[in-house]
Amino acid sequence: MNTNRRISWVHLTSKVKQLVVAVLSVTFGISMYVFMNSFMSGVNSAQTEISFTSMPHIRIYNDLPTEVKNILQPTEKDKNALVIVNNAKNIRYTDGIKNTSTIKEAISKLKEVSAVSEQLNQNVFIRNGVTKVNASLSGVDVESEDQLFQTSKYMKEGNFFDLEKRSDGIILGVKLAQNLGVGMDDNITVITSDGISRIFKIIGIIETGSSSADKTRAIVSIHTARQLFSKNRSYATDILVNLKDYNKAKEVSKKISAITDYKVEAWQEGNAQLDSANVLRDIVAIAVSLTILIVAGFGIYNIMNMTVNEKIKEIAILKAMGFNGIDIVEIFLTQSVIIGLIGGFVGLILGYFISAIVDKIPFKIASFSTLPIDYNPKDYVLAFFFGLIITIIAGYLPARNASKVDPVEILRG
């Protein structure tokens, strides 16, 4: 250990209480940075997971053409000529998607794709006695649906895979079942827009945490739905695609558009508010965390400034003995770095324990039983380096002032 570092160590250990206060300032700032980012990241992940319980990353469906050419009245060439003006109209010649298996097979070959499924979605009425409720009936391919949304995880009652075994089985959203006043093994009547009715037995209740889905959604197997709506075996209204990274939905949707002529829609197009909410929560978390670190930096600056003022005569003697300005900066900067390192490591440990305690707090929503916390290593690395940088800056400013001390004036005074 060289002379400058020995002097730094003596300064630190001579006033232990001051050292503890400085270390605690860094510890508190870094622990709160870790906790806030872990909590906000967990909230974002939970919100995204709940949203994607019924919403795919990419949706393919049959849509009306978006570009309509306006037919303007032609210029008159002859005053006696008869001019006929036609109004352009969108005409849907086909409904839904035909030959879904071919499209699914082509999409599955893309390396970014993690799961592909098909659905047959129609609005229906569900009757229980005199109670009649409007609902959205989804015919699903049970196995691929579970790969896409992990639907079986959100079953409150019953087994999701029983849909494959029972053609008369239906699963209702928890709020839809409450509105109908029905439960497991009760019979309900599903009525289509064409007036076709069929009796189903409730074999499951699902709770996703998405109120809109839990209030309106009913699920049957896609084979049952095709029979109910008199569709062929390859018919579906939607092909749903999930990706390994949902943030790449826009660029992958462009690749899929080259495969099929049907409408390809990334989740950001219809749910921009979800993406915006995640970004805003991240900004708030970072702003609060950095504010805490900066406040901790001011605390360290004050402590180091007090130390410089208290040691002003020692600094003058050191300079009179031949220590230059760089040596003085090194002495006090070393002190702030040591404070930053000790406070940083302790802050990371404390931040982890605070996050772990909050992670155990009961909080029931959808499949979550506790408050959501993400343990992202990146947050811990950033917290440590941000804390260390702010500590170094807070220590450097008083150190620079100390290096400019004139020993003659101090010793004469």
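Quick look at the structure, then. (Residues numbered from 1 in each chain as written. Predicted model: local features only at pLDDT ≥ 70, side-chain atom pairs only at ≥ 80, totals over all residues. Heavy atoms only, no water.)

1. Quick word on the pattern of salt bridges
One pass over the full model with this rule turns up seven salt bridges. A salt bridge links D238 to R59; the shortest N-O distance between them is 2.5 Å. Of the two residues, D238 sits in strand β9 (residues 238-243) while R59 sits in strand β1 (residues 58-61), which places them 179 residues apart along the sequence. Looking at R59, the relative accessible area reads 32%, which means it is partly exposed. Between E145 and R217 there is a salt bridge, and its shortest N-O distance comes to 3.3 Å. Placement of the pair is E145 in helix α4 (residues 142-149) and R217 in strand β8 (residues 217-221), with a sequence separation of 72 residues. Among the charged side chains, a network of salt bridges with common partners joins K104, E118 and R226. (Salt bridge = Lys/Arg side-chain N within 4 Å of Asp/Glu carboxyl O. Helix = DSSP H or I, 4+ residues; strand = E, 2+ residues; numbered from the N terminus. Buried < 20%, exposed > 50% of the residue type's maximum accessible area, 1.4 Å probe, protein only.)

2. A short note on helix α11 (residues 312-320)
I315, A316 and L318 are the residues of α11 that are buried. All buried residues of α11 project into a common sector of 160° when viewed along the axis, lining one side. Residues K313 and A320 are exposed on α11 and point more than 90 degrees away from its buried face. With its phi angle positive at about 115°, G322 sits one or two positions after the end of α11. (Arc of directions from axis to C-beta.)

3. Observations regarding the nonpolar core
Proteins that are soluble and globular tend to have nonpolar side chains buried together. Counting residues in each nonpolar core, the largest one holds 32 residues, and the members touching the most others are I30, I315, I328, F332, I339 and L348. Sorting the residues of this core by element identifies α1 (3-14), α2 (16-51), α10 (272-310), α11, α12 (325-358) and α13 (377-403) as the ones contributing at least two each. Among the elements that line this core, the one with the most residues is α13, at eight residues. Residues within four places of I315 in sequence aside, it is in contact with V308, I328, F332, A402 and V405. (Core = buried A, V, L, I, M, F, W, Y, C linked by side-chain atoms within 4.5 Å. Contact = heavy atoms within 4.5 Å.)

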